[in-house]
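Coordinates in review
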Amino acid sequence: MSRLEAKKPPLFISEPLTRDAVSQSLSLLSGILKSSYGPAGRLKQLHNGVGGCVCTTSQCSALLGHLAVSQPVLRVLTASARSHVSRFSDCGLFTAILCCGFVENFRSLNVAPFTVIKISKHLLSLCMDHLKSEACGCRVSVDFSSVETLVCLVRSILTSKPACMLNKTEVDHLSSLILKAFIFTVPCHVETNAVLGKYVIIPVKGRRVVDSTVLPGLLIEAPEIQLGKPLAVKRTGSNTIKIALFSVSMSGDGSNPEEGTIALHEGVCLEVSELNQLLNVGKQLVKDEVGLVVCQKVMHPSLKQYLKENGVVAVDRAGLSLMEPLGRVTGSQPIASIHSLPPGCYGSLKDLCIESFASKHFLHLIPEDTVICSLILCNRSETAWDELKRVCETAEHVLQLTVKEPLALLGGGCTETHLASYIRHKSSSLPASTFQELGCSQTQYQLVADGFCRSLESVARSLSHDGEEVLTDVVYGHCWFVPSGSPCVSRWSDLVSRCGCGVNGNTEDLGWSFLQGQSGSPVLQGCPKEPSVKAADLRTLDCFAAKCSGLQVALETANLILDLSYIIEDQN
């Protein structure tokens, strides 16, 4: 009889935020995230310690996806940030850093967590109301009749990830390319429920970034295609190319569990029977004037040869990722069985040609009208390409969000410092009835408001990685950076040229002061002014929807963590 071990009781950890282990882990995570933030962020190399893939990145989705977090409090924080990124693709580091700041600043206050949570929710509502108002000084309307603001938005995303290793020429080239690719995905004929398309990223590693290009339609890699020979493809009477799309294996090995159980009569060979069925499918395709057959999985060589002899181009191993865009480009329905071809399953193409890029050969599927295009993405190394691919996907998602809500927020730390200035001004002039409704004193409200503002300002300070002094002004509440090693001067205007977002210059005395870690910036005499925004001056923009969501997620997660009184761990 095996020895039985007595069941251990669960471990109860009361007031987890007061534990040194939690404080140290939170501080460590915050340091990792802050050091990765912004265009000058430091890269992190992540691996599992026993070999395998090494990831070099400063991007939130990759960082949190590879970090093994065991502390329950931190797992709540990272799960919230990852959930935000899965929905918006952008502002993940902003969300996680801000959440860490809220937790660190709020837990040090001599105010009950319940009261902190109520006050912080009120402060969040003030922020959201301000961001959604026309008078907001850090909000920019995106005009789709001009590309300047859109290019700035895309450029800001590209330059925020140094692991892409891009110079200015490459950033400019990719910014225009991504925007061009996105425009291809916008339907030409707007309907009541218009659906945006997508661009499919085609990897080409080891080539220059400026070799990247965009083609309308879809590229499918076809190594067997011979470049020198003309592409003979069967066309219908209307001069279009009919296409059949198979999502089932056509290898003839009988290994299709979704087809069900196969019962064989004595003397019947399964392989021969399968091949005969495949050839029957081929005959039906030829009879139906199909010119192109694409199979997600493997196609039997005999079937490929038969189709080729009858003027049908056959491509196999297309992969699952191409099935959805293939269906949208051609209008075809994926065929899931080799025993029946459902009516209306075929799609059509305007033309089909061969494209060669680097050492790869592609079939270029050209439809009549499409919202799908191919972005041939190049970079010099695999590491830089992987990071660039993630950034291009983020840029596409941000542009889609901006179409739904044509707004952006000023970047470069200016939105954070502006909001902090606004909250300091607003909280100093609230009526006594507000404190009564919240069930707190004015002193408690001011303490929480100061912690809220210091958390926002800590995100702006995280953009400084080389010893720059961080300033804020008392007119617009924007963020300014003084290069390290600058000489001592009597006027800040001699050292700063433009604010972090690029909107404000040093042409007027803006009353600059240090953005200190604990004391915070001074209270403004009035509400922060709204600067006159010129698209040509913009250096950095952030996605409005992503940043607003990040602000909400950061505070809600911090409040959840502050409200934890026990952690119960199973020890068995």
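The paragraphs below set out a description of the structure included in this document. For every chain, the first residue of its written sequence is number 1, and the numbers climb from 1 along that sequence. Whole-chain, interface and lining totals are the exception, using all residues; otherwise, since this is a predicted model, local features are given only for residues with pLDDT of at least 70 and side-chain atom pairs are given and counted only at 80 or more. Neither water nor hydrogens contribute to the side-chain values; these are computed over all heavy atoms in the structure.

**As for the overall build of the chain**
- If you tally the helices and strands in the chain, you get 15 helices and 20 strands.
- Only protein chains enter the accessibility calculation, which uses a 1.4 Å probe; a residue is then buried when its area is under 20% of its type maximum, exposed when over 50%, and partly exposed in between. Looking at the chain as a whole, 50% of its 572 residues are labelled buried.
- We call two residues in contact when some of their heavy atoms are within 4.5 Å. Across the chain, the fraction of contacts at a sequence separation of at least 24, relative to all contacts at a separation of at least 6, is 75%.
- Total accessible area on the chain stands at roughly 26,700 Å², and carbon and sulfur atoms take up 51% of it. Runs of E in the DSSP output that reach at least two residues are strands. Runs of H or I that reach at least four are helices, and both are numbered from the N terminus. All accessible-area figures derive from a Shrake-Rupley calculation using a 1.4 Å probe, and residue coverage is judged against the displayed protein chains alone.

**Some words on the nonpolar core**
- Here, nonpolar core refers to any group of buried Ala, Val, Leu, Ile, Met, Phe, Trp, Tyr and Cys residues whose side-chain atoms link them within 4.5 Å. Grouped together as the largest cluster of nonpolar side chains are 123 residues, with contacts concentrated most on Leu131, Tyr445 and Leu551.
- Note that domain bounds follow an automatic or database assignment of domains. Residue-level mapping places this core at the junction of two domains, with at least three residues from each of domain 1 (12-138 + 410-569) and domain 2 (143-217 + 376-405).
- Leaving out residues up to four positions away in the same chain, Tyr445 has contacts with Ile119, His122, Leu123, Leu126, Ser427, Leu430, Phe435, Leu438 and Cys440.
- Among the nonpolar cores identified, the runner-up in size contains 31 residues, and Ile202, Leu245, Phe362 and Ile376 belong to it.

**Considering the side chain of Thr240**
- Take Thr240: it is sitting in the loop between β7 (218-221) and β8 (241-246).
- Once you skip the residues sitting within four places of it in the chain, Thr240 turns out to touch Arg235, Leu349 and Glu368.

**Some points on the packing of aromatic side chains**
- Stacked, tilted and edge-to-face are the three classes applied to pairs of Phe, Tyr and Trp rings, where Trp contributes its six-membered ring and a pair requires centres within 6.5 Å; stacked means planes under 30 degrees apart, edge-to-face means over 60, and tilted covers the rest. In total, this model carries four aromatic pairs according to the counting rule given.
- These aromatic residues form a ring-pair network of at least three members: Phe102, Phe106 and Phe452.
- Any Lys NZ or Arg CZ found within 6 Å of a ring centre and within 35 degrees of that ring's normal is scored as a charge over the ring. Between Arg207 and the ring centre of Phe357, over which it is positioned, the NZ or CZ distance is 5.9 Å.
- The ring of Phe94 has Lys547 lying over it, and the distance from NZ or CZ to the ring centre is 4.8 Å.

**Focus: the sheet that holds strand β13 (residues 360-366)**
- Spatially, the three strands line up as an open sheet ordered β7-β13-β12, and their pairing is antiparallel. Every interior strand has two partners, whereas the edge strands, β7 and β12 (351-357), have only one. Strand after strand, the sheet turns through a mean of 30° between neighbouring axes, direction not considered.
- Note that β7 and β13 share four bridges and pair antiparallel. Bridge pairing in β13 places Ile220 opposite Leu363.
- Only C-alpha atoms enter the line fits that serve as axes; for helices the fit covers just the stretch in contact. Angles between N-to-C directions range over 0 to 180 degrees. Docked against the sheet, helix α10 (residues 323-330) engages β7 and β13, running at close to 135° with respect to β7. A pair of strands counts as paired when DSSP detects no fewer than two bridges linking them.

**Section: the sheet that holds strand β14 (residues 372-379)**
- Spatially, three strands are ordered β5-β14-β6 in an open sheet, and the strand pairing comes out mixed. Every interior strand has two partners, whereas the edge strands, β5 (198-205) and β6 (213-216), have only one. The sheet shows a mean angle of 25° between the axes of neighbouring strands, direction not considered.
- As judged from the four bridges shared by β6 and β14, these two strands associate in the antiparallel manner. What sits directly across from Thr213, in β14, is Ile376.
- Here helix α7 (residues 168-184) sits on the sheet in contact with β5, β6 and β14, set at roughly 10° to β6.
- Where helix α11 (residues 382-404) meets the sheet, it contacts β5 and β14, and its direction lies at approximately 170° from that of β5.

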